[in-house]
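Examining the three-dimensional arrangement
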Amino acid sequence: MSLPKDFFTQLEQYSKLSNREKAVFVEIFGNGKSRVEVTQAFHISESNLSSCLTGIYKKFSISGSGPVKETRLREYLQKRYSQQKPSGRSTADVAEDDIDALVKEMREQIKPNIKEKCGKMRVLDMDQPIELTGERGIYTNVNILEKTTKRRRVKIGQRLPKFDREDFDHFGLHEASEKRVSGLQAVQHHKKL
């Protein structure tokens, strides 16, 4: 959630920041830009950005390490902003919106990391890991028969007219006489699958 710039200028800690720190602070915490976007916008390295953020955290008395500091500062700013702005909504609505926004933001931040760590499977005798989904993935879409065919009784006389030499190995199994549905559709439609 982005916060207005005039809110930042009212904070006493804002006046203690250097010009570079103010610009980085507004971009990340005000405009909701990522670290990569800020480094590209200001043409600075990741280490310069980290030192800027360290200065910001010190001036706001935020302790911790790594992403924890950023989360704590965001929480502090959200709390200060919600205390300052008048609202017609109840406190429970505001808290629920804040939690929803925080959960959404955290999911977006950790999604690439989880996909990188859990999106591939390494098999012992293979050179490269296999992706779980996608074009070369090991999980595939399935189609499920609407009705099972295992209890269907067919007499020999009904099978013999369809029998030929090319079909000897399959003996009539190649033809799908029942309607097929996608696996996702079957899961949604049938409760006890």
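Refer to the structure above for everything that follows.
What you see is a predicted model, and the numbers here were worked out from it, not measured in a lab. (Residues numbered from 1 in each chain as written. Predicted model: local features only at pLDDT ≥ 70, side-chain atom pairs only at ≥ 80, totals over all residues. Heavy atoms only, no water.)

**Remarks on the environment of F7**
Here F7 lies in helix 1 (residues 5-10). Relative accessible area serves as the criterion here: at 3%, F7 is assigned to the buried category. When the C-alpha atoms of F7 and R80 are compared, they prove to be 9.3 Å apart, with 73 residues separating the residues in sequence. Apart from the residues lying within four places of it in its own chain, the contact partners of F7 are L77, R80, Y81 and Q84. (Helix = DSSP H or I, 4+ residues; strand = E, 2+ residues; numbered from the N terminus. Buried < 20%, exposed > 50% of the residue type's maximum accessible area, 1.4 Å probe, protein only. Contact = heavy atoms within 4.5 Å.)

**Side note on the nonpolar core**
Among the nonpolar cores identified, the biggest contains 23 residues, and F8, F25, F29, F60, L73 and L77 are the most heavily contacted of them. If we ignore the near neighbours within four places in the chain, the residues touching L73 are F25, F29, I56, Y57, F60 and I62. (Core = buried A, V, L, I, M, F, W, Y, C linked by side-chain atoms within 4.5 Å.)

**Some points on helix 5 (residues 67-84)**
Helix length check: helix 5 (18 residues) gives 26 Å between terminal C-alpha atoms against 26 Å at 1.5 Å per residue, within 8%. For helix 5, every residue scored as buried is listed here: K69, E70, L73, R74, L77, Q78 and Y81. Along the axis of helix 5, the buried residues cluster in a sector spanning 165°; they form a single face. Turned more than 90 degrees away from the buried face of helix 5, the exposed residues are K79 and Q83. (Expected span 1.5 Å × (residues − 1). Arc of directions from axis to C-beta.)

**Examining the packing of aromatic side chains**
Applying the stated criterion to the full structure yields three aromatic pairs. Their ring planes at 25° and their centres at 5.1 Å tell us that F25 and F60 sit as a pair that is stacked. One end of the pair, F25, is in helix 2 (residues 19-30); the other, F60, is in the loop between helix 4 (46-59) and helix 5, and 35 residues separate them in sequence. Assigned by exposure class, F25 and F60 land together as buried. Ring plane angle 70° and centroid distance 6.1 Å describe the contact between F60 and Y76, whose orientation is recorded as edge-to-face. Taken together, the residues span a long stretch of sequence, with F60 in the loop between helix 4 and helix 5 and Y76 in helix 5 at a distance of 16 residues. (Phe/Tyr/Trp six-rings, centres within 6.5 Å; stacked < 30°, edge-to-face > 60°.)

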